[in-house]
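# Survey of secondary and tertiary structure
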Amino acid sequence: MKLIQHKREAFWFYRFLSNFYDHYVNPLFWTTGMRDASLELAGLKPHQKVADVGSGTGFTTEGIARWVDGENIECLDQSPHQMARAKAKAALQDCRFHLGDAEDLPFPTDAFDRYVSAGSIEYWPDPQRGIAEAYRILKPEGLALMIGPLRPKNLIGRWIADTWMLFPEERDYYQWFEAAGFVNIRKRYIAPKWVLKEPYGIALVGEKPQPGPSALSYEPDRFEARKSAVPVKSLPAFLGRLLAGSLAGFLFIPMALLGYLRYGVLKILGRPPVHPEVARDRLPLQLKLVLAFLGLALVAALAVRYAG
Ligand SMILES: C[S@@+](CC[C@H](N)C(=O)[O-])C[C@H]1O[C@@H](n2cnc3c(N)ncnc32)[C@H](O)[C@@H]1O
């Protein structure tokens, strides 16, 4: 299991990250264009009952609320700090919020028309169990939409990803969905503009064919036992994992900034790269300023190097 693929480490990671999440993380890694392209797969309608699992600061929930009436949306997350930000958003005032665990949902069987989870599976210690839970809470013919990262192909990205948390292969997602009992599985690749060729993320949708829980259903008492077995054996081990895992995660930020810089240069040269799922978002002002600063620093460094 990876450094942050533990519930307690993920909890503390988001205790701090939630301060920056909406303004600095999403514009680089999970944009409105990617979100809306993914949600299209779920065929959302106003009257549908939707569960948003790992709803965080409500970024994906805001996308869901563009189609679905707020009172039909139930949000669940294990982080109260992330959830407080979602609760404060004007568009989400009618939604209901639950603190809880994606692998042990506090919802009845056969209750929802749609299950959506975006960018959360990579933190779950047992993704198969979380997907079996998605299956259980859906009504027959209900759809589950899972959005998550794909394992990078380049060596540096792969090394950071493997250290940090779970970056599944595409076939893992398919295996988990099929084992849970889903049928008619479809996918779409998603990526921000700065990713030129790499596999980056996937949105996978599957249909529940019949009522009842997944054939993989787990005993609740076994789960309780496993949950208490997961936590940290000692404080230094926990802190070490949290710090190293957070550092590995933050290494993706310069990668993304450099990616945007490369994208900007190609655009100026009249050769803007076209990714198949390019999100047509505009960069927020803060990021434009950071990129302008990086560009100037680069020019200055080159000038000093070659003038001297
Ligand atoms: C990258 S954020 C994604 C938030 C949101 N879905 C979005 O689209 O912006 C991942 C979220 O998953 C939550 N999370 C991680 N593990 C979880 C678990 N086992 N149960 C519930 N939520 C979990 C984290 O607290 C965090 O808010």
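Preceding this section is the structure that the text describes.
Here the structure is a predicted model, which is why all the values come from computation and not from measurement.

## Topic: the pairing of strand S3 (residues 96-99)
Within a regular strand, side chains alternate between the sheet's two faces. Alignment of strand S2 (residues 73-77) against S3, held across four bridges, turns out to be parallel. Bridge assignment links Leu76 to a residue of S3, and that residue is His98. A crossover links S2 with its parallel partner S3, the connecting element being helix H5 (residues 80-87), and its sense is right-handed.

## A look at unusual backbone geometry
The residue Glu141 is not glycine, and still its phi comes out positive at about 75°. With respect to the helices, strands and loops of the structure, Glu141 is situated in strand S5 (residues 138-149). With 12 C-beta atoms counted inside 10 Å, the residue Glu141 sits in the exposed group. Not every positive phi belongs to a glycine, and Asn184 is a case in point at roughly 50°. In this fold, Asn184 is placed in strand S6 (residues 183-190). Residue class for Asn184 comes out exposed when judged on the 11 C-beta atoms lying within 10 Å of it.

Reading guide: rules and limits
- Residues numbered from 1 in each chain as written.
- Predicted model: local features only at pLDDT ≥ 70, side-chain atom pairs only at ≥ 80, totals over all residues.
- Pairing = 2+ DSSP bridges.
- Helix = DSSP H or I, 4+ residues; strand = E, 2+ residues; numbered from the N terminus.
- Right-handed = clockwise from strand over helix to strand, strands pointing away.
- Buried ≥ 20, exposed ≤ 12 C-beta atoms within 10 Å, placed from the backbone.

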